[in-house]
Amino acid sequence: MRVRTIIEGPSCSAPHPLPLQDGHRILIWRPLYRFGRARVTAWTCYEHRITSYELCEASGVSFIRRTVVSKGRRIVSETDAWSCGEARVIWAALLAGRAR
C-alpha cells in the first residue's frame, strides 16, 4: 500500500503523517512499559513535527512508539503489540491520517 506524504523542505526524507481524517481510529497510548529495546523498522519525520512516530519490532511482535517534545521534555509512549502484519496496516493508517 502506497501512502502519500507531505514533505516540508529538501532535507526531509521521512514521511509526515497526513492530517486526521473524520472517523479515524483512536490508538491507546501507554507509558513505556513492555519493551525497553526494540528494532525500529519505519519512522516519521522528527525535524518538522512536535510529535514523531516509530514502527518497532521486539520479541516477534510490532507496536508503534510515539515521542512528543514539549517545553524541552520528551514524552515517549507506546501502543499495545500486534502481529507484524497487523501493525503495518495500522502504521499505514497512521500515515494516512486514519489512526492516531
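Residues numbered from 1 in each chain as written. Predicted model: local features only at pLDDT ≥ 70, side-chain atom pairs only at ≥ 80, totals over all residues. Heavy atoms only, no water.

## Thoughts on the overall build of the protein chain
Then comes step 1: Of regular secondary structure, the protein chain possesses one helix and five strands.
Then comes step 2: When the helices and strands of the protein chain are read in sequence order from the N terminus, they spell out β-β-β-β-β-α.
Then comes step 3: For the protein chain, the proportion of its 100 residues judged to be buried stands at 38%.
Then comes step 4: A separation threshold of at least 6 residues defines the contact pool for the protein chain, and within that pool the share at least 24 residues apart is 56%.
Then comes step 5: If you sum the accessible surface of the protein chain, you get close to 6,400 Å²; carbon and sulfur atoms cover 51% of it. (Helix = DSSP H or I, 4+ residues; strand = E, 2+ residues; numbered from the N terminus. Buried < 20%, exposed > 50% of the residue type's maximum accessible area, 1.4 Å probe, protein only. Contact = heavy atoms within 4.5 Å. Areas by Shrake-Rupley, 256 points an atom, 1.4 Å probe, with all protein chains shown as cover.)

## Thoughts on helix α1 (residues 84–95)
Then comes step 1: Helix length check: α1 (12 residues) gives 16 Å between terminal C-alpha atoms against 16 Å at 1.5 Å per residue, within 8%.
Then comes step 2: On its buried face, α1 sits against β2 (39–43), β3 (51–58) and β4 (61–70).
Then comes step 3: The first or second residue beyond α1 is Gly 97, which carries a positive phi of 80°. (Expected span 1.5 Å × (residues − 1).)

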